[in-house]
Amino acid sequence: MNVDFEEQQYLFDLNGYLVIENALTSDEVAELNALIDAQDLPPPPEHFPRFGSAAGAIRKTGPGFLQWGEPFVRLMDHPLIMSILRMRLGECFRLERLYGIRMRTGWPAGKLHADYGASSPHAVSPPGEFYTFPNNRMSSGFVTGSWNLNDTGPGIGGFCVVPGSHKANFRIPKHIHEAHQDSPWVKIVEAPAGSLTLFTEALTHGTARWDGDHERRTLLYKYCVSSMSWGATRVTAPEAIDLTPRQQQLLAGPGEPLTHFPSLFSEELAGKATQPSRVGAPERM
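Residues numbered from 1 in each chain as written. Predicted model: local features only at pLDDT ≥ 70, side-chain atom pairs only at ≥ 80, totals over all residues. Heavy atoms only, no water.

A. Spatial organisation of the overall build of the protein. A tally of regular secondary structure across the protein gives 7 helices and 10 strands. Each of the 285 residues in the protein was classed as buried or not, and the buried ones make up 50%. Put simply, 85% of the contacts in the protein that link residues at least 6 apart link residues at least 24 apart. When the accessible surface of the protein is split by element, carbon and sulfur atoms take 51% of a total near 13,600 Å². (Helix = DSSP H or I, 4+ residues; strand = E, 2+ residues; numbered from the N terminus. Buried < 20%, exposed > 50% of the residue type's maximum accessible area, 1.4 Å probe, protein only. Contact = heavy atoms within 4.5 Å. Areas by Shrake-Rupley, 256 points an atom, 1.4 Å probe, with all protein chains shown as cover.)

B. Representation of the sheet that holds strand β5 (residues 142–148) in the model. Read across the open sheet, the 6 strands follow the order β1-β8-β5-β10-β3-β2; overall the sheet is antiparallel. The strands lining the two open edges of the sheet, one partner per strand, are β1 (17–20) and β2 (50–54). The sheet shows a mean angle of 15° between the axes of neighbouring strands, direction not considered. Judged from the 3 bridges that link them, β2 and strand β3 (residues 93–103) form a sheet pairing that is antiparallel. In the sheet register, Phe-51 faces β3, and the bridge partner there is Gly-100. Here helix α1 (residues 5–15) sits on the sheet and contacts β1, β5 and β8 (196–200); the angle it forms with β1, its principal contact strand, is near 135°. Across the sheet, helix α2 (residues 26–37) is in contact with β2 and β10 (216–225); its angle to β10 comes to roughly 100°. (Pairing = 2+ DSSP bridges. Axes fitted to C-alpha atoms, helices over the stretch in contact; angles between N-to-C directions.)

C. Here's a closer look at the pairing of β5. With 7 of 7 residues buried, β5 lies mostly within the body of the structure. Alternating residues of β5 divide into Phe-142, Thr-144, Ser-146 and Asn-148 and Val-143, Gly-145 and Trp-147, and every residue in both groups is buried. The sheet contact formed by β5 and β10 spans 7 bridges and is antiparallel. Residue pairing for β10: Thr-144 is matched across the bridge by Lys-222. In this structure, β5 lies alongside β8, joined through 5 bridges in antiparallel fashion. Across the sheet, residue Gly-145 finds its bridge partner in β8, namely Leu-198.

D. Up close: the packing of aromatic side chains. According to the stated counting rule, one finds 9 aromatic pairs in the structure shown. Ring centres of Phe-65 and Trp-68 lie 6.4 Å apart, and the angle between their planes is 50°; this geometry places the pair in the tilted category. For Phe-65, a relative accessible area of 0% corresponds to the buried category. Here the aromatic cluster, defined as three or more aromatic residues joined through ring pairs, consists of Phe-51, Phe-65, Trp-68, Phe-72 and Tyr-221. Looking at Arg-50, its charged tip hangs above the ring of Tyr-99, at a distance of 3.8 Å from the centre. The positively charged end of Arg-86 is found above the aromatic ring belonging to Phe-265, 4.2 Å away from the centroid. (Phe/Tyr/Trp six-rings, centres within 6.5 Å; stacked < 30°, edge-to-face > 60°. Lys NZ or Arg CZ within 6 Å of the ring centre and 35° of its normal.)

E. Expanded view of the pattern of salt bridges. Enumeration over the complete set of coordinates arrives at 11 salt bridges. The partner of Glu-215 in a salt bridge is Arg-217, and the shortest N-O contact between them spans 2.8 Å. Each of the two residues, Glu-215 as well as Arg-217, counts as buried. Bridged by salt links that share partners, the residues Asp-37, Arg-102, Arg-104, Glu-215 and Arg-217 form one connected network. (Salt bridge = Lys/Arg side-chain N within 4 Å of Asp/Glu carboxyl O.)

F. Highlighting the side chain of Gln-249. Its place among the elements puts Gln-249 in helix α6 (residues 245–250). The exposure class assigned to Gln-249 is buried, which follows from its relative accessible area of 16%. Residues within four places of Gln-249 in sequence aside, it is in contact with Phe-261, Pro-262, Leu-264 and Leu-269.

G. A look at the environment of Leu-203. By the secondary structure assignment, Leu-203 is in the loop between β8 and β9 (205–208). Residue Leu-203 is classed as buried on the basis of its relative accessible area, which comes to 0%. In sequence terms Leu-203 and Ala-168 are 35 residues apart; their C-alpha atoms lie 8.9 Å from each other.

Below, the structure written as structure tokens:
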């Protein structure tokens, strides 16, 4: 794929998110969908339509959907996602948590939210007042990579955002937050099957009502700079699947960049001669 780094950098900084189409081939998408079908998953609840989770909101250590096959492991350090993460997070970052989203026709929208920034639930400013970001918090230390396994966008549903809101100095107004499905300020992002959407968690984002005739399937991998963590639980290595040294490092615990956590782009971790190796059995979910 021919991508323009300067354009990617500009658009990500401007909007707080970036969509890269055709990141996966149709065969790769079909393979991932087939592996999900093979799990015979129960229908997810409308209020929490997740599957294959590890760490994060479920607060459980484990491999999540990485255990379902090497194609899921391969997405951890796919060349496209690594190039953008390097641009946003530097040389040293970790896979903090992961999960998938499934939605069916008519399922309602999810709430808009941001994990940090002026509209974070932890922000100290009253609504409508100027927000000064605390010195002891990072504004761009958490980036999510979402792999779409079917079409999403206007008229269908899926990921939605307030573009540029990661730079906002005021909390999101209540009427936009509570009725974002119909707000002209909220954009439902067009991202066809096989696309990769990256966004900073400081961006105000959420889920639009699912109007598609097909089931929504999205895989989310959430990364943070190596010295940070959002919880005590961890994503662990899957059993009986070979991991490269770089993939093992992505699952390592927090560490100071370049001091206790090596560059993921060093010759040792990213070199073409790197051979996969097996790791011990993880704690089960």
